[in-house]
Each structure stands twice: as C-alpha cells, then as structure tokens.
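Survey of secondary and tertiary structure
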Amino acid sequence: MTQRVLVTGGAGFIGSHTCVALASAGYVPVILDNLGNSDPRVLERLRQITGSTPKFIEGDVRDRALLARIFSDESFSSVIHFAGLKAVGDSVADPLAYYDNNVHGSFVLASAMRDAGVNTLIFSSSATVYGEPESSPIPEDAPRRPANPYGRSKLMVEEALNDLYRSQPGWRIALLRYFNPVGAHESGLIGEHPQGKPNNLMPFVCQVAVGQRDRLQIHGNDYATADGTGVRDYIHVMDLAEGHVAALKHAQNHGELVTLNLGTGKGASVLEVVQAFERASGRSLPYEIGPRRPGDVPAYWADPSLAQATLAWQGHRSLDQMCVDSWRWQQANPRGYG
Ligand code: NAD
Ligand code: UFG
C-alpha cells in the first residue's frame, strides 16, 4: 500500500530534496510549509523531476487546529520534521523566536501525532548540538554542548523526544544530526537559494562564481588545520535525502529511537572547497583572507559509522560532485525559483 509521509518544511532546501528521494522510493510526500524561507514554485520543479506535484498545505507547524485537521483528513504512515529556523546569528539575536518555532513547533507536531496515533517521526537535528568538540571524528555519544540558542533548541527537542519515547511504547523515532549539507539535485531544478547575503560557505561561493558577489571572504587562515582554514564535513544534499529514506525504513521496521550522525566522515577545508568549485565551474574564484568569524569551530567532522551500520547507507557523492551540482543549479537559477 502506498504510504503517505507528512513532510514539514518540505518546500525548503533539504525537505524538497527529500521529497524527491521519497517519491523515488515509492512514498507519497505531503508538504506542510509556511513558506517563511521557501518558494512555492519549488512544487512545479518537483513535478518536473518526479512526474507528480506533491500535495502542498500552506500553514504553520505551530497551528494546533491545522495539525489536528491534517491528521484527521488523511492518514499518514509517518512524519519527517524539517520545519524550523536555522540561522545561528539570528538565534542569538532573537532566541525566543527560535525556541517558539523549533521547540514549541516540535511539541505541537508531536502532540498532534500522538492524538492521531501516528508514531513514526524523523527529526532534523544538527551537528551544532556538539558545540566545540574535543576531537574529530565525533561519535554520537560525544558531549553535547551547543554554543547558541539554535543548537540548544535542537538539543531540547532531542531530549523531549527521548522522554516521549521512554514514556509511551510504540514510538519509532530517528534523530538525525546533519553535518554540512551542500549541493543540489543533479537535474539543476532544485537547490538552495538563501534570502539576502548567504551566511554559509557554499551558497556564497556559488554567488561569487556567477558574478553576483565580488569575492569570497575566508574567515581566518590561522587555525591549526593543514592549510589554516576551517574544516567541515560537507555532505551532498541528495545523500542526506536518501539517508532520510533509509532512516524512515529503519524506524518503520524497528520499534526504537535512534540518534545518528549524517555526515561523510571526511573533512574539507575552505580552500579545498574553493579549489573544488574552481574545477567544477572552470572559473577562478576571487577571495581574500579576513579575520576569524566569532563563534566558529576550527575543524570538525562526523564519525558516520553508526549511521552506516544501522541504515546500510552512506554519503558517497564526492566534494567535486557537490560543487558540480551546486554550480549547475546556480547557473541555471541565479535568482533561485524567481
Ligand atoms: P530551509 O529554511 O530551507 O527549510 C526549512 C523549511 O521550513 C522552509 O521551507 C520554511 O519555510 C519552513 N518553515 C520554517 N518554520 C516553519 C513553521 N513554523 N511551520 C511550517 N514551515 C516552517 O532549511 P533547510 O536547510 O532545508 O533545513 C531543514 C532542517 O534541517 C531545519 O530544521 C534545520 O535546522 C536542519 N538543519 C539544517 C542544516 C543546514 O546546514 N542546512 C544543518 C543541520 C540541520
Ligand atoms: N566560511 C568562510 N567564508 C564565508 C562563509 C563560511 O570562510 O563566507 C567558512 C567558515 O568560517 C567555516 C566554513 O566556511 O570554516 C563553513 O561555514 P558554514 O557557515 O558554511 O558552516 P558552519 O559549519 O559554520 O555552520 C553550518 C550551519 C549551522 C549548523 C552547522 C553544523 O550554518 O546552522 O553547519 O551542522 F549548525
């Protein structure tokens, strides 16, 4: 029987790619999104990729009445919960907005699921829950010391879902801690288009390569890393999307809560990303070395072995592939979906 999956935040970057992976695996995604950080024209792009337009409900995950109606109107096998805010700096400036959206929103969703008897939940957590790690690779049981309200909001939800799982038999929950998702679907039809000046490296690099920004500023080259620039575990967004499908299957077949790192286990420096992007685009990328960005962790990457063993999944697309796919999307859609 076809399984319908409620995908909150499904119009966003990771959610839209996961809708593609769900459709290819035979699931029917239904998107709930308030369009606070996304564009409804993504739906037509999803139709072009998958052959059918996902059902779209415009609304907010914190709207209790709407959630009750959604679960009573149709039946869902499970929920993948992406909806939330994700800008670290904004979370420092306006923590209540982050606790309201990310924490309260997750509570409203989980209550509606409990009331409707839907007990399979995949939750978007983040490597940011680790804060500054003692060492890398980071295993899941490393200390959680998030350094900002965004990270704390993710950890609070993780802890609440652990309590929920312990309190009531039957819940099947996967808490997925993403490292640095980048890239785009290989069609170039969907991708990441941040509003305003990008905070993150890959969208910034894309905008420099396409000529929308003069140069990249590298935030420090005096870290204790091989070339002095920051090191991260970049993972292709389609690998991440496929990881969600694997986590969903696992959750459905095992009555347990799992907490898993979704990363590749390999770190790349800012300069290595710049060089890979130059190869992918055939353009040289102007950059300058600036000061360190306050709050940045010098280097970290995942220990992905638990996810690999549990889900029989791993991120296999290379950094070059991530850059090729980001570049294809950026060139074809310099203004996003507009
Ligand atoms: P995104 O902003 O592109 O997607 C989030 C989507 O949720 C957007 O479409 C937005 O409109 C929607 N949304 C936000 N609040 C909502 C609400 N209250 N009700 C309904 N819809 C709402 O972000 P993304 O990069 O796709 O991230 C998805 C999830 O993954 C987030 O929870 C984020 O915290 C988490 N995450 C992202 C990263 C990353 O680097 N992109 C890393 C770790 C974790
Ligand atoms: N960087 C630059 N120049 C830029 C942007 C970034 O040099 O213009 C550097 C950063 O200093 C860092 C690396 O590129 O060394 C990656 O930075 P990102 O901002 O792309 O990613 P972060 O690892 O800092 O943070 C991201 C998300 C967080 C999330 C975290 C862990 O923004 O929300 O990954 O998942 F919590």
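Structure's up top.
So, here is what we can say about the structure in this document.

Procedures and definitions
- Residues numbered from 1 in each chain as written.
- Chains lettered and ligands numbered in written order.
- Predicted model: local features only at pLDDT ≥ 70, side-chain atom pairs only at ≥ 80, totals over all residues.
- Heavy atoms only, no water.
- Buried < 20%, exposed > 50% of the residue type's maximum accessible area, 1.4 Å probe, protein only.
- Helix = DSSP H or I, 4+ residues; strand = E, 2+ residues; numbered from the N terminus.
- Pairing = 2+ DSSP bridges.
- Right-handed = clockwise from strand over helix to strand, strands pointing away.
- Contact = heavy atoms within 4.5 Å.

Most of strand β1 (residues 4-8) sits out of view: four of its five residues are buried. Inspection of the sheet shows β1 paired to strand β2 (residues 28-33) by five bridges, in the parallel sense. Its bridge partner lying in β2, leucine 6 is registered against valine 30. Note that the unit made of β1, helix α1 (residues 13-24) and β2 has a crossover that is right-handed. In the sheet, β1 pairs with strand β4 (residues 78-81) via four bridges, with the strands oriented parallel. Bridge assignment links valine 7 to a residue of β4, and that residue is isoleucine 80.

Relative to the assigned elements, glycine 315 resides in the loop between α10 (305-311) and α11 (319-332). On the basis of relative accessibility, which here comes to 13%, the residue glycine 315 falls in the buried class. The sequence separation of glycine 315 and asparagine 253 amounts to 62 residues, and the corresponding C-alpha distance is 22 Å. In contact with glycine 315, not counting residues within four places along its chain, are Asp239 and Thr264.

By themselves, these figures tell us nothing about what the structure is for.
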